[in-house]
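# Coordinate analysis (summary)
Each chain, letter by letter, is given below.
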Amino acid sequence: MSVSRRDFLERTAALAAAGFVPRLPDDLLGAAAPATAAPMAWHGRGRPLVVSSSNGIKGVRVAYDRMLAGEDPLDAAIAGVNLVELDPTDQSVGLGGLPNEEGVVQLDASCMHGPTRRAGSVAAIEGIATPSLVAKAVMDYTDHVMLVGAGATKFAKAMGFKEQNLLTEQSRQDWMRWKSRLNANDAWLDHDDDIKIKFTTGTINMNAVNGAGDIGSVTTTSGMAWKVPGRIGDSPVIGAGQYCDNLVGAAGSTGRGEANIKTCASFLIVEFMRQGLGPQEACLKTLERVVAMTETRLMGPNGRPKFDLEFYALTKDGRFGGATLYSGGKFAVCDEKGARLEEAAYLLKR
Ligand code: ASP
């Protein structure tokens, strides 16, 4: 289908009016090209800021300090999440993450680099504790955006990442408890009646912006515990687990990945911010979309979703926000006032 230059310019003008600003280089469009500035006001001055899920409370400090020392925002954010990936006691990410239904730890991660508009991702990767760094290596060293499964593991090993057993003794025991209670009539005897089965989700998302307004975002996870082998959540999906546009801001998510993927939530949050909403409003508006897209089987008797989802966002000019579907959530922030947990806004009272 061919489009005349006039049609194209008329359409892009209409899109720009609606808040969608094309980013084609001017020389491709000729002298009459529309401006490529973001509708959000940007005066060339921002402030360094890092925002993440609450389990990043130590990591936001690391990322912030690294940015102040001149490190790129994406590298700084990745250093922040590496702390959690390498912590064997955090069972939602990296080493020690809860495994799939066969007892195998499969990890997902993705990242985006605002200034260069690049992205990288790995999904269902095994045996590598820092999938965030492998996602960045996909971005840095290949012409691709996403590698999955055995291919992702093979790539990581070729890039020099160390392969290791990620299933800690604690996570193995939790998996065995879950397995033995799956069916009261199977051949596995139930034990430890007083021990609660662990949570089944958890992830870390971190977004960072420096004083020049350059942005990086990263999300890394072991995904839903006890998942079907090969299941990929939202974390490695660009636009779902995280998204970053250097003209606007970044957003990321934790919680039920399946609900996030269907709404391309991180992309949507950034788009709402592009249209002028603040980060918290953009997160809340996206949560409304998540509820609207929830299938009946996942609605409780009160007509409310049976899962939770959490969003974190920041803008190029140094504003931030976080919102959760249900009340009671917190998120981590680090700026000139230091690292702290903030109350998240919410859509529904728990
Ligand atoms: N979003 C992750 C996933 O669905 C899990 C989580 O954040 O808790 O894989």
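About the thresholds
Residues numbered from 1 in each chain as written. Predicted model: local features only at pLDDT ≥ 70, side-chain atom pairs only at ≥ 80, totals over all residues. Heavy atoms only, no water. Helix = DSSP H or I, 4+ residues; strand = E, 2+ residues; numbered from the N terminus. Buried < 20%, exposed > 50% of the residue type's maximum accessible area, 1.4 Å probe, protein only. Contact = heavy atoms within 4.5 Å. Pairing = 2+ DSSP bridges. Arc of directions from axis to C-beta. pLDDT = per-residue confidence, 0-100. Salt bridge = Lys/Arg side-chain N within 4 Å of Asp/Glu carboxyl O. Axes fitted to C-alpha atoms, helices over the stretch in contact; angles between N-to-C directions. Phe/Tyr/Trp six-rings, centres within 6.5 Å; stacked < 30°, edge-to-face > 60°. Lys NZ or Arg CZ within 6 Å of the ring centre and 35° of its normal. Polar contact = N/O pair within 3.5 Å; in protein donor to acceptor, adjacent residues only side chain to side chain.

### Re the overall build of the protein
From N to C terminus, the protein includes 10 helices and 13 strands. Counting only residues that meet the buried cut, the protein has 53% of its 350 residues in that class. Partitioning the contacts of the protein with sequence separation of at least 6, the portion at a separation of at least 24 is 62%.

### What about the pairing of strand 2 (residues 107-113)?
Among the 7 residues in strand 2, 7 count as buried, and that is most of the element. Here strand 2 shows a buried face lined by Leu107, Ala109, Cys111 and His113 and a second buried face lined by Asp108, Ser110 and Met112. Relative to strand 3 (residues 118-125), strand 2 runs antiparallel, the two sharing 6 bridges. Across the sheet, residue His113 finds its bridge partner in strand 3, namely Arg118. Between strand 2 and the antiparallel strand that follows it, strand 3, lie 4 residues; Arg117 among them carries a positive phi value of about 55 degrees. Across 6 bridges, strand 2 lies against strand 6 (residues 215-221) in antiparallel orientation. Bridging across to strand 6, Ser110 finds its partner in Thr219.

### What to know about helix 6 (residues 149-158)
Every buried residue belonging to helix 6 is among Gly149, Ala152, Thr153, Phe155 and Ala156, and all of these are buried. What you see down the axis of helix 6 is that its buried residues fit within an arc of 160 degrees, all on one side. In helix 6, the exposed residues that point more than 90 degrees away from the buried face are Ala150, Lys154 and Ala158. Residues of helix 6 that are buried make contact with strand 3, helix 5 (131-141) and strand 4 (146-148).

### Examining the confidence of the model for the protein
Overall, the predicted model of the protein reaches an average pLDDT of 89, with 85% of residues at or above 70. Note on residues 1-5: pLDDT under 50 across the span, and 5 contacts to partners over four residues away in sequence or across chains. Note that residues 11-38 has pLDDT below 50 and, in this model, 34 contacts with residues that lie over four places away or in other chains.

### As for the pattern of salt bridges
Evaluated as defined, the whole model comprises 20 salt bridges. Of the charged contacts in the structure, one is a salt bridge between Glu163 and Lys157, with a shortest N-O distance of 3.2 Å. Given a relative accessible area of 41%, Lys157 falls into the partly exposed group.

### Some remarks on the pairing of strand 5 (residues 204-209)
Of all 6 residues in strand 5, 6 are buried, a share of seventy percent or more. Burial of strand 5 is two-sided: the residues Ile204, Met206 and Ala208 facing one way and the residues Asn205, Asn207 and Val209 facing the other way are all buried. Here 4 bridges tie strand 1 (residues 49-53) to strand 5, and the two strands are oriented antiparallel to one another. Bridge pairing in strand 5 places Ser52 opposite Met206. Judged from the 6 bridges that link them, strand 5 and strand 6 form a sheet pairing that is antiparallel. Counted as the bridge partner of Ile204 is Thr220 from strand 6. Counting the residues that bridge the hairpin from strand 5 to strand 6 gives 5 residues, and of these Gly213 lies at a positive phi of roughly 80 degrees.

### Describing the sheet that holds strand 8 (residues 249-255)
Strand order in the open sheet formed by 5 strands is 7-8-9-10-13, and the pairing between neighbours is mixed. Each having just a single partner strand, strand 7 (242-245) and strand 13 (345-348) make up the two edges of the open sheet. In this sheet, adjacent strand axes meet at a mean angle of 15 degrees when their direction is disregarded. Both strand 9 (residues 309-315) and strand 10 (residues 320-326) contribute to a ladder of 5 bridges, which runs antiparallel. Each bridged residue has a counterpart across the sheet, and for Tyr312 the counterpart in strand 10 is Gly322.

### Digging into the packing of aromatic side chains
If you walk through the whole model with that rule in mind, you get 3 aromatic pairs. Aromatic pair Trp178 and Trp226: ring centres 5.2 Å apart, planes at 10 degrees, arrangement stacked. In this pair, Trp178 sits in helix 7 (residues 169-180) while Trp226 sits in the loop between strand 6 and strand 7, placing the two residues 48 residues apart along the sequence. In this structure Trp178 comes out as buried when scored by relative accessible area, which is 15%. Cation over ring: Arg256 sits above Phe307, and NZ or CZ is 5.7 Å from the ring centre. Positioned over the ring face of Phe272 is Lys285, at 5.3 Å from the centre of the ring.

### Regarding unusual backbone geometry
Backbone geometry places Ala124, a non-glycine residue, at a positive phi of 50 degrees. Residue placement: Ala124 occurs in strand 3. For Ala124, a relative accessible area of 7% puts it in the buried group.

### Some details on the side chain of Lys136
Inspection of the secondary structure assignment puts Lys136 in helix 5. Lys136 gets classed as buried once you look at its relative accessible area, which sits at 15%. Reaching out from Lys136, the side chain makes a polar contact with the side chain of Asp75 at a distance of 3.2 Å.

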